[in-house]
Structure formats: structure tokens, C-alpha cells
Amino acid sequence: MAKINRVMKAKGGAPVKKNETIEATVIDITYQGMGVVKIDQYPVFVPDALPGELIQVGITKVLKSYAFGRLVKRLKASPDRVENKNKALITSGIAPLVNLKYSAQLLFKQNQVQQLFKKMNIDVTVAPTIGMENPTAYRNKAQVPVQEINGQLETGFYRRGSHKLVPTNHFYIQDPKIDEAVSIVRDVLRELKISAYDEDTKKGTIRHIMVRRGYYSHELMVVIITHTAKLLGSDIIIKKLREQLPELKSLIHNVNNKMTNVIMGEDNRVMWGEDHIHDQLLDLDFVIGPNSFYQVNPQTTSVLYQLAADKAQLKPQDVVVDAYSGIGTITLSIANRVKKVYGVEIVQQAVADAQLNAKNNQISNVSFIAKDAPEQMAQWAAEGLKPDVVFVDPPRKGLTEDLIEAISSMDTKTFVYISCNPATLARDAAQIIAAGYHIDGDIQPLDQFPQTTHVETVAVFRKNH
């Protein structure tokens, strides 16, 4: 067995070989939740390995800049380790931090944000991560792949880095009622002998089962996603699901016949019930469709939006812009604090939902426009709109330079950035600071995604005087 301090890196080559076993101490966790050991500064990534643990690692794959390994033996365990019998939660990536104490998960996320800002040479204070009382069974949405295994339709998760399905009935981080609904839909499809779609042969019917459940309303939506335009036995499917799912309010057939990794297609057909469900957030009622973006952890979302609004220090005379406004959750939740809110969102259906949500909640001081946020912000800047506060809650790729430039040219005093990716937040923060802003107060992480490496973060920027 090679010891870490004995390995010498050959010139131009990796210091490890496939199938070799080494002994090393874990020094970090990656963004994917894998333990990191280093051999002559060469990283090896190992699932189910925590910082401080002394482990034996079997090398499974060697690349130029890094390698992957498997845990052979744990010689010294971390005091932060907790055991979960379902190891598949780690290997699949469903819950890669399920082996780490929850208090240590929160600290890991705080440190992760701190290190990303440090890399950008931005001196900030990152507050302790806000956590959950019960950090399990929180997700209000599941998109579960379907495959045929040994002649039987199965639901489960893909093994990390592959499209090999591992069957399971319990996802640990999902609402148990959603897990139950997925199993019931699967069993009905099995009874009717409806085939799963095969990516290799391009034959078969069912691609995914998607389920959404209102955390407060308990309304259930089931979406059956098919490769084919027809879903045979739909009358029987409707009858059986209505009998077995008393909370069912919306049953939809979604057609996705494209060769793509995108789960849902654009063609939604209502099989039974409504084309949406409802749920409540901060005393407001929201219509949620099959393609709607709605935060997956409703318990922490209310904390997140309340925190962002408080940190913005909103005033009754303020004019506000909500970029990436989706179905209007942020827009409508702050409308009662300010004079006017403009929402911009590129997805036309989301804008229609936002307008309906405003109407249903009798909120009249908001307006929504369907347009690309950077483009619309530049147009508003050219037209002379000068919002007092801008909220952004962008996708993982973060903001564009055009959007940051537009906000600066509007002479916006306060810029509230809600981020689901601290790496792009830290990157964008450097540009925002260069555009004439400073970070006001602490950066605040919030654990929107317990048992995973993801973290939601709120940062507030103020215009320099």
C-alpha cells in the first residue's frame, strides 16, 4: 500500500495508478459532496469520505489533473459522521451529505461561501447558515426517471455519472406523500403493461413521472411524461389514480419526443382536473403549473424572501424591479411594502401565471413583462426608469455584464441578490463592486437544500455615495 508521503509524481504523469490502494487523510469536500485527498498536490475524489478521516482508497479512474477512488476502509472516522443505512443516497447524489451531521452541513456551507468570496479577493463576513428544524422530507416536487429492468417498469434515480437506474421508493428529502404518489403511478403503469422509453432503441412510452404537492394546500399534481404522443389506457389511468390519490387535483400528460436531457416537453395535455395546483406563501395564494418555477423547499422559501425584503430596507415610496420574476413570488410578496414593482421574466407562461397570481391576490401595484431580463433592464435604463431597489434571483449561471451595467446606469441605490450558486454570486459581486457598489452587511447563507451541497445565499449591495 502506498503512503501519501511516499508517493512521488512522475514527470508529466499522475502519482497514482488505477487499481492501486493508497492511505490518506481527507482534507475537504467537493461541491458534489465527495471527499478530497491529495497526493503530491494531485486530488483524488472519494464518495462517503469526510474531512479529517483517515482512509484507504482504491483508485478507480485516473485522469491528467485528478482521479476518482472508492472507499476501501475507514481507519479513522470523523466525529461529524452520522450513519445512514441507505448508502445509495450518497452514491446517487440525491443526498450526498446525508453522512454529515446537520450542524456540520451548515458550517460546511458557510465556509464554502466564505472561500468563494476569498478567491475573488472580496473581504466579507459570511453569517452562520440558517438551517431547518427538520432537514428531511422537505421537497415539494419530484421528477423521477423511468426504465425497464428485467422486463418491469421501475422508478428510481440514476447512479451518479450514468443513466443506469437504481430502483427506490424512498428519496429521503422528498415529501413522503410525493414518494407514495410516484409509487402508485408506477404500479398503475405496470398493471397496464405500458412500456418505459429506451434511450438506446428510441422505443417505448414513459420517460419520467413528475409530482408536485402544495406544502400548505396539500393539492397534488401528477405529470406523466411520454416519448409518444398517445398514452394508451388513459381512461383506466385516470380512474385508478383518482381512486388511490385522494389529494389529486391535476393529472397531466406531457409529451417530450425530443432527443434531449430536458425532462419536460412543451406539450401539456390535461387528462383530468385542473391545469394547475395552488399553494400558499407568505399569506399569498399562488397558481403553480407543470412547468412553473416554484422554490422546492416552501418552509425555507418564506424565510428567504422575508430576509431579502428586510435586508433591502424597503420604503413605502420605493419603486422596485424584480428581475427573473418567475410566477411572481418575490414581486407579490413585497408589493405591500412599496409603491410599485416591475417584474421581468423570459418565460411567457410564467408571466401569465404571475399576472393571474396578482389578480387572485388582488394586488394592483405590480406589472409583469415577458422579456429577457438583461435586455429589458437595458431598455428601462434607456427610458430613464430609476428604481430604488432591484431584486435578482437568477438561474445558476448568474448575471450578465449587461444586466449589472444596466442596474448601475439606472442609479439604483440598493441591489438585492438572491443566489442558488455561491460561485457565480462571488464572481458577479466583483463586477457589481467595480460598477460602484459595496456589500452592505453580512452575506447570509440559507439551507434551502439540506443533505445536499447546494446553498441559497442573500447579498445586499448599496450604491457608493
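Description of the structure in this document. (Residues numbered from 1 in each chain as written. Predicted model: local features only at pLDDT ≥ 70, side-chain atom pairs only at ≥ 80, totals over all residues. Heavy atoms only, no water.)

Within the chain, the regular secondary structure consists of ten helices and 24 strands. Relative to a compact globule of 465 residues, whose C-alpha radius of gyration would be 23 Å, the chain shows 24 Å and is just as compact. Overall size of the chain, expressed as C-alpha extent along the three principal axes, is 70 × 65 × 40 Å. Out of the 465 residues in the chain, the part that is buried amounts to 54%. Pairs at least 24 apart in sequence give 64% of the contacts found in the chain among residues at least 6 apart. Approximately 21,300 Å² of the chain is accessible, and the part contributed by carbon and sulfur atoms is 50%. Charged side chains in the chain number 55 positive and 50 negative. The centres of these two groups are separated by 8 Å. (Helix = DSSP H or I, 4+ residues; strand = E, 2+ residues; numbered from the N terminus. Rg over C-alpha atoms; globule rule 2.2 N^0.38 Å. Buried < 20%, exposed > 50% of the residue type's maximum accessible area, 1.4 Å probe, protein only. Contact = heavy atoms within 4.5 Å. Areas by Shrake-Rupley, 256 points an atom, 1.4 Å probe, with all protein chains shown as cover. Lys, Arg positive; Asp, Glu negative; His and termini not counted. Charge placed at Lys NZ, Arg CZ, Asp CG, Glu CD.)

On to the packing of helix α8 (residues 373-383) against helix α9 (residues 401-409), then. It is the contact of α8 with α9, at a shortest axis distance of 8 Å, that shows an interaxial angle of 25°. Viewed along their axes, α8 and α9 adopt a mutual orientation that is roughly parallel. Judged by the sense of rotation from one axis to the other, the crossing of α8 with α9 is left-handed. Between α8, through A373, P374, M377, A378 and A381, and α9, the contact on the second element is made entirely by D402, L403, A406, I407 and S409. In terms of residue class, the contact of α8 with α9 is made up of eight nonpolar, one polar and one charged. (Axes fitted to C-alpha atoms, helices over the stretch in contact; angles between N-to-C directions. Parallel < 35°, antiparallel > 145°, perpendicular 65-115°, else oblique. Left-handed = near helix turned anticlockwise from the far one by under 90°. Nonpolar A, V, L, I, M, F, W, Y, C, P; charged D, E, K, R; others polar.)

Across all of its chains, the model carries nine aromatic pairs by this definition. Relative to Y66, the ring of F45 lies with its centre 5.6 Å away and its plane at 45°, an arrangement referred to as tilted. Placement of the pair is F45 in strand β5 (residues 42-46) and Y66 in the loop between β6 (54-62) and β7 (67-76), with a sequence separation of 21 residues. A ring pair is formed by F286 and Y294, whose centres lie 6.4 Å apart and whose planes are at 50°; its orientation type is tilted. Y294 matches F286 in its accessibility class, with the two residues each being buried. In this structure an aromatic cluster arises from ring pairing among F415, Y417, Y437 and F461. Looking at K340, its charged tip hangs above the ring of Y342, at a distance of 5.2 Å from the centre. (Phe/Tyr/Trp six-rings, centres within 6.5 Å; stacked < 30°, edge-to-face > 60°. Lys NZ or Arg CZ within 6 Å of the ring centre and 35° of its normal.)

Strand order in the open sheet made by the seven strands is β10-β9-β8-β11-β12-β13-β14, with mixed pairing throughout. Every interior strand has two partners, whereas the edge strands, β10 (165-167) and β14 (267-273), have only one. Taking the axes of each pair of neighbouring strands and ignoring which way they run, one obtains an average angle of 35° across the sheet. The pairing of strand β11 (residues 206-213) with strand β12 (residues 220-226) spans seven bridges and is antiparallel. Across the sheet, the residue bridging to I206 is T226, located in β12. Against the sheet, helix α3 (residues 176-191) engages β8 (141-149), β9 (152-158), β11 and β12, with an angle of about 145° to β11. (Pairing = 2+ DSSP bridges.)

We now examine a negative patch on the surface. A surface patch of like charges, here negative, comprises E148, D198, E199 and D200. As for its placement among the helices and strands, D200 is situated in the loop between α3 and β11. (Patch = residues over 30% accessible without salt bridge, like charges linked within 9 Å, V, L, I, M, F, W, Y side chains within 5 Å. Salt bridge = Lys/Arg side-chain N within 4 Å of Asp/Glu carboxyl O.)

Evaluated as defined, the whole model comprises 19 salt bridges. R213 is the partner of D175 in a salt bridge, and the nearest nitrogen-oxygen pair spans 2.8 Å. Of this pair, D175 sits in the loop between β10 and α3 while R213 is found in strand β11, placing the two residues 38 residues apart along the sequence. For the pair D175 and R213, a shared accessibility class is recorded, and that class is buried.

Attention shifts here to helix α2 (residues 102-119). Compared with an ideal rise of 1.5 Å per residue, which puts 18 residues at 26 Å, α2 spans 26 Å between its outermost C-alpha atoms and is within 8% of the ideal. Summarising the contacts, the buried residues of α2 are in contact with β3 (28-29), α10 (422-434), β22 (437-439), β23 (444-446) and β24 (456-463). Downstream of α2 by a residue or two, N121 has a phi angle that is positive, lying close to 60°. (Expected span 1.5 Å × (residues − 1).)

In this section: the pairing of β8. Within a regular beta strand, the side chains point alternately toward one face of the sheet and then the other, so they alternate between its two faces. Strand direction decides the pairing type here: β8 and β11, joined by five bridges, are antiparallel. Following the sheet pairing, K141 is matched in β11 by R212. Where β8 meets β9, four bridges bridge the pair, whose relative direction is antiparallel. Considered in β9, the bridge of V146 is made with T155. Between the antiparallel neighbours β8 and β9 lie two residues, among them N150 with a positive phi of about 55°.

Here we come to unusual backbone geometry. Positive phi values are uncommon outside glycine, yet Y172 reaches one of about 70°. On the accessibility criterion, Y172 (32% relative accessible area) is partly exposed. The phi dihedral of H218 falls on the positive side, at around 60°, and the residue is not glycine. Along the chain, H218 falls in the loop between β11 and β12.

Looking now at the pairing of strand β19 (residues 366-370). Looking at chain direction, strand β18 (residues 340-345) and β19 are connected through five bridges and run parallel. Counterpart to E345 in the pairing with β19 is A370. A crossover links β18 with its parallel partner β19, the connecting element being helix α7 (residues 348-360), and its sense is right-handed. (Right-handed = clockwise from strand over helix to strand, strands pointing away.)

Moving on to α3. The first and last C-alpha atoms of α3 sit 23 Å apart over 16 residues, in line with the 22 Å expected at 1.5 Å per residue. Restricting attention to buried positions, one finds in α3 the residues I178, D179, A181, V182, S183, I184, V185, R186, V188 and L189. Those residues of α3 that are buried are in contact with β8, β9, β11, β12 and α4 (234-244). The backbone nitrogen of K177 lies 2.8 Å from a side-chain oxygen of the residue at the head of α3, namely D175. Phi turns positive, to about 55°, at K193, one or two residues after α3. (Polar contact = N/O pair within 3.5 Å; in protein donor to acceptor, adjacent residues only side chain to side chain.)

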